[in-house]
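Notes for the structure review
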Amino acid sequence: MESTKRTLAETSDLLDGVNTLLIDIEGTMTPLSFVKDKLCPYITDNVKEYLTKNWESEECQNDITSLREQAQKDKDESIDGVVEVKAAEENQDDVVPTVVENVCWQIKTNRQTTAFQQLQGHMLREAYKTGKLTAELFEDVAAALKQLAADDRKLYTFSTSTVDVQKLLLAHTTSGDLLESFTGHFDTTTGSPTEGDTYKAIVGATESKPGEVLFLTSKPADARAAALAGLGTCLVVRDGADLTEEDKKEFNTITSFVQLTPEVSSNKKATDDAQGENGEKQAANGEKDDDKEALGDDESSNGVDEESSDTA
């Protein structure tokens, strides 16, 4: 099979007949390094403090109960390495370390159950709102999303993160609050991202037809499931993405959201050109100013010399 990778001029064809975009977040809009190097370390470094500070709250106790029940389920299913959470009747000093260990185990094994996501969401709510965390986006994302929304296309996110976490991330990005560009959000309560039925449910919820929806993701397994459900698919090829050459041949690919929005690309080029021209003009003006200063210095020198001669 020949590669279906498209040039910048050809990628606009991907949006033909498309009124809805379903967009993955991790590795597609945000660098995986943000999740690995910023988000996950924040959870592991702060979970003990968070649990201790919020121990008495109903929300925190519900989170711990969910983690305890999930751990018991994992034990019953013989999940390797599962860390049990101590019983509710145990005192705080005994329970908290087991919760911390369970959370760290889930992050390390990339298990991240719904119970984990629930606690993580509550921790991130505090982190984003207090400015301890700001979500990093690829530089091409924000302007393209705004343009796509301005073109009357409906934008939805689909991620393994909870809807609440997705909203928090989009509201606190390095490019500002992007929530208003989106119509809605989906998480794994709708279904697994690797199952076709999940995408059928999403299409139904968006009130679109499968062929009117384009799914953007960096994960081939998710793209295959969406394609089976009849959605248009496109792999977003980012630095560090775990993609094979066969993956790139199987799907349409882009390397930047700007490839979907020629207007943004043209505006960026115009801005860059203008900045380049301004830079050249400033440099030229700077040279002229230098010449004037040099001339002024010469005239000043001559004046001093004349004055010295008269005095003599």
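Attention in this report is confined to the structure presented alongside it. Predicted model only: the values in this text are computed from it and were never measured. Per chain, residues are indexed from 1 in the order of the written sequence. In keeping with the model being predicted, local features are shown solely for residues with a pLDDT of at least 70 and side-chain atom pairs are shown and tallied solely at 80 or more, while totals for entire chains, interfaces and linings include all residues. Side-chain measures were taken over the full set of non-hydrogen atoms in the model, leaving aside hydrogen atoms and water.

**Quick look at helix α3 (residues 92–108)**
Helix length check: α3, at 17 residues, gives a terminal C-alpha distance of 24 Å against a target of 24 Å (1.5 Å per residue), a fit within 8%. Listed as buried for α3 are Val 95, Val 96, Thr 98, Val 99, Val 100, Asn 102, Val 103, Trp 105, Gln 106 and Ile 107. Next to the buried residues of α3 lie α1 (32–53), α2 (58–76) and α4 (114–129). Two N or O atoms form a polar contact when they lie within 3.5 Å of each other; inside protein one atom must be a possible hydrogen donor and the other a possible acceptor, and for residues adjacent in sequence the pair counts only when both atoms belong to side chains. Helix and strand assignments come from DSSP, with helices taken as H or I runs of at least 4 residues and strands as E runs of at least 2, each series counted from the N terminus. For α3, the side-chain oxygen to backbone nitrogen distance between the N-cap and Asp 93 is 3.1 Å, and the N-cap itself is Asn 91. The positive-phi residue at the C-terminal boundary of α3 is Asn 110, with phi of around 55°. By this rule the span expected of a helix is its residue count minus one, scaled by 1.5 Å. Think of it in three bands: with a 1.4 Å probe and only protein chains considered, a residue is buried below 20% of the maximum accessible area for its type, exposed above 50%, and partly exposed in between. The contact criterion used throughout is that any non-hydrogen atoms of two residues lie within 4.5 Å.

**Here's the deal with the nonpolar core**
Only buried residues count toward a nonpolar core. Its members are Ala, Val, Leu, Ile, Met, Phe, Trp, Tyr and Cys residues joined through side-chain atoms within 4.5 Å. In terms of nonpolar packing, the biggest core is built from 56 residues, with Leu 21, Met 29 and Phe 257 touching the most fellow members. A total of 8 residues in this core trace back to one element, the largest contributor, which is α1. Beyond its immediate stretch of four places on either side in the chain, Leu 21 contacts Leu 15, Leu 148, Arg 153, Lys 154, Leu 155, Tyr 156, Leu 214, Leu 216 and Leu 260. Leu 22, Ile 202, Val 213 and Ala 226 belong to the second largest nonpolar core, which has 13 residues in total.

**So, the pairing of strand β1 (residues 20–23)**
Where burial is concerned, the two faces of β1 agree: the one with Thr 20 and Leu 22 and the one with Leu 21 and Ile 23 are both buried. Bridge analysis of β1 against strand β4 (residues 213–217) gives 4 bridges, and the strand direction is parallel. Paired with Ile 23 across the two strands is Leu 216, which belongs to β4. Whether two strands pair depends on DSSP finding at least two bridges between them.

**Things to note about the pattern of salt bridges**
Pairing between side chains of opposite charge can happen when the charged atoms of each approach one another. A carboxyl oxygen of Asp or Glu within 4 Å of a side-chain nitrogen of Lys or Arg is what we treat as a salt bridge. In this structure the tally under the stated criterion is 11 salt bridges. Among the salt bridges present, the one from Lys 38 reaches Glu 136, with a minimum N-O distance of 2.5 Å. Placement of Lys 38 in helix α1 and of Glu 136 in the loop between α4 and α5 (141–150) is noted, with a sequence separation of 98 residues between them. Given the relative accessible area of 40%, Lys 38 is considered partly exposed. With a relative accessible area of 24%, Glu 136 lands in the partly exposed category. Because the salt bridges share partners, they merge into one network encompassing Arg 224, Asp 247 and Glu 250.

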